[in-house]
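This is what each chain is made of:
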Amino acid sequence: MKLYDDNGHEVTNPATLKALKALEGLIADLEKPKHEPDYSDIEVYDDDGVRVTNIATLRAIAEAREIAAERRRRWEAMNDDADKKVS
């Protein structure tokens, strides 16, 4: 990779070239399109019986499921601890 500064001189500092090369890789990763998770396991229908396919709605349902599962795990852990103290 050949780079030139504002005065037209070639940049030859190895540390600078290495840092710029790393940034080039990061930029390439950021420019890749984001992959949307698979929400095919979520089946939701509106009032007319049409399946909901809006990504934001499906994402919200998936997040709500994750939150509910985490609360359930915490509740069960809390009850298990209480049962151990009583025994």
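Details of the structure are given in the entry above.
Residues numbered from 1 in each chain as written. Predicted model: local features only at pLDDT ≥ 70, side-chain atom pairs only at ≥ 80, totals over all residues. Heavy atoms only, no water.

## Section: the overall build of the protein
Along the backbone of the protein there are two helices and zero strands. Residues counted as buried form 7% of the 87 residues belonging to the protein. Considering only contacts within the protein whose residues lie at least 6 apart along the sequence, 3% involve residues at least 24 apart. Here the protein displays about 7900 Å² of accessible surface, and carbon together with sulfur accounts for 54% of that area. Seen as two clouds, the 14 positive and the 20 negative side-chain charges of the protein have centres 6 Å apart. (Helix = DSSP H or I, 4+ residues; strand = E, 2+ residues; numbered from the N terminus. Buried < 20%, exposed > 50% of the residue type's maximum accessible area, 1.4 Å probe, protein only. Contact = heavy atoms within 4.5 Å. Areas by Shrake-Rupley, 256 points an atom, 1.4 Å probe, with all protein chains shown as cover. Lys, Arg positive; Asp, Glu negative; His and termini not counted. Charge placed at Lys NZ, Arg CZ, Asp CG, Glu CD.)

## Quick word on the pattern of salt bridges
Enumeration according to the criterion identifies four salt bridges in this entry. Of the charged contacts in the structure, one is a salt bridge between E70 and R74, with a shortest N-O distance of 3.0 Å. Residue E70 and its partner R74 are located together in helix α2 (residues 55-86), separated by four residues, close to a single helical turn. E70 sits in the partly exposed class, given a relative accessible area of 30%. Taking relative accessible area as the criterion, R74 reaches 57% and is therefore assigned exposed. If you follow the salt bridges from partner to partner, you end up with E70, R73 and R74 in one network. (Salt bridge = Lys/Arg side-chain N within 4 Å of Asp/Glu carboxyl O.)

## Examining helix α1 (residues 14-31)
When the terminal C-alpha atoms of α1 are compared, their 26 Å separation across 18 residues agrees well with the 26 Å that a helix rising 1.5 Å per residue should span. Between a side-chain oxygen at the N-terminus of α1 and the backbone nitrogen of A15 the separation is 2.9 Å; the capping residue is N13. (Expected span 1.5 Å × (residues − 1). Polar contact = N/O pair within 3.5 Å; in protein donor to acceptor, adjacent residues only side chain to side chain.)

## Some details on a nonpolar patch on the surface
Where nonpolar side chains cluster on the molecular surface, the patch consists of L20, L23, L26 and I27 and spans about 350 Å² of accessible area. By secondary structure assignment, the location of L20 is in helix α1. (Patch = residues over 30% accessible without salt bridge, like charges linked within 9 Å, V, L, I, M, F, W, Y side chains within 5 Å.)

Limitation: the analysis is restricted to geometry and does not speak to function.
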